[in-house]
Amino acid sequence: MKKITKAVFPVAGLGTRFLPATKAIPKEMLPIIDKPLIEYAVEEAVNAGITEIIFITSHTKRAIEDHFDQNFELEEKLINSGKKDFVDKINRDIFQNIKFTYVRQKSQNGLGDAILHSEHLIQDESFAIILADDLIINNPSCISQLISAYDENQCSIIGLNEVPEHETDKYGMVSVEEPSSPSNSFLLKDIIEKPKSNAPSNLAVVGRYVLSSKIFKYLKNLKPSIGDEVQLTDAIKLMLYDENVMGYMYEGKKFDCGSRHGYVNAIQYLAKEILND
Ligand code: G1P
């Protein structure tokens, strides 16, 4: 059984909700105190055994590339002024053997289109997808829980959580089969992107997936739908006709850092931990 070693990070989104902060810097670089949001997501992947990080990016997101590169000049200055601790923060041990790759998504055609841009790098392996906006705190991490569920079930797995009825138009929503014994894994029956009403259940897709490479077959030729964008959800729905896809009710605390509300909550939650470090 091949291990999950590749993770795709779609980061080409505009970050409109955080303007003017995101006029010149990517929303993924917004800090939670002193660490950018994207570093939390990459850390989560690396700690779950991922060794290849594939960013689907755009020309406005160069700062992400710089962030995961070495800054020799700064390192030298820090070393010369006896600030070795800071060098460890900007050149982290856990990222030493990680391969970072960047693929440009030329236009904002949606999450499905972003994922399709990674096909040549993923080839025929199952892979993880992490949407950095969803900051999820737990140990084992959310993606680690999904990878374990993938190892156990050998099929595509999607992270799920419950949402109130008035929020179903913000998420991919699913319906599932009730498991015969208590479990966090559910067989998916249906999935629909951001239904305005009549959601199939209160279970929403969170920004963590482990997908079979077969997803690319369904993403190709997919027409734009909600928001005039190519939706990953639509490809998963097509995949459901041919094979099992499971939903996994992860354990952990989620913050939607794509919204100002969630971002502030994340900072409040993590402040104590980080400032006591
Ligand atoms: C995306 C997906 C959606 C999912 C959500 C989780 O939407 O399309 O199905 O529920 O991420 O954060 P977005 O938030 O990018 O609009």
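Refer to the preceding data block for the structure.
Definitions and cut-offs
- Residues numbered from 1 in each chain as written.
- Predicted model: local features only at pLDDT ≥ 70, side-chain atom pairs only at ≥ 80, totals over all residues.
- Heavy atoms only, no water.
- Helix = DSSP H or I, 4+ residues; strand = E, 2+ residues; numbered from the N terminus.
- Rg over C-alpha atoms; globule rule 2.2 N^0.38 Å.
- Buried < 20%, exposed > 50% of the residue type's maximum accessible area, 1.4 Å probe, protein only.
- Near = heavy atom within 4 Å.
- Polar contact = N/O pair within 3.5 Å; in protein donor to acceptor, adjacent residues only side chain to side chain.
- Areas by Shrake-Rupley, 256 points an atom, 1.4 Å probe, with all protein chains shown as cover.
- Nonpolar A, V, L, I, M, F, W, Y, C, P; charged D, E, K, R; others polar.
- Arc of directions from axis to C-beta.

Remarks on the overall build of the protein
- Broken down by element type, the protein carries ten helices and 13 strands.
- For 277 residues, the compact-globule estimate of 2.2 N^0.38 gives 19 Å, and the protein sits close to it at 19 Å.
- With respect to the three principal axes, the spread of C-alpha positions in the protein is 60 × 40 × 40 Å.
- Within the protein, the fraction of its 277 residues that count as buried is 51%.

As for the site of the ligand
- Lining the immediate environment of the ligand, one finds 13 residues, of which Asp-134, Gly-172, Glu-193, Lys-194 and Val-205 sit closest.
- Glu-193 places a side-chain nitrogen or oxygen 2.7 Å from an oxygen atom of the ligand.
- Take Val-205: an N or O atom from its main chain is 2.6 Å from an oxygen atom of the ligand.
- Protein burial of the ligand: of its 380 Å² of free accessible surface, 75% is covered by the chains.
- Ranked by the residues each element gives to the shell around the ligand, the list is headed by strand β11 (residues 203-211), at four residues.
- Considered class by class, the residues forming the shell around the ligand number six nonpolar, four polar and three charged.

Regarding helix α9 (residues 232-240)
- What α9 keeps buried is the set Leu-232, Thr-233, Ala-235, Ile-236, Met-239 and Leu-240. Here the buried residues of α9 occupy an arc of 160° about the axis, which is enough to place them on one side.

So yeah, pure geometry; function would need other evidence.
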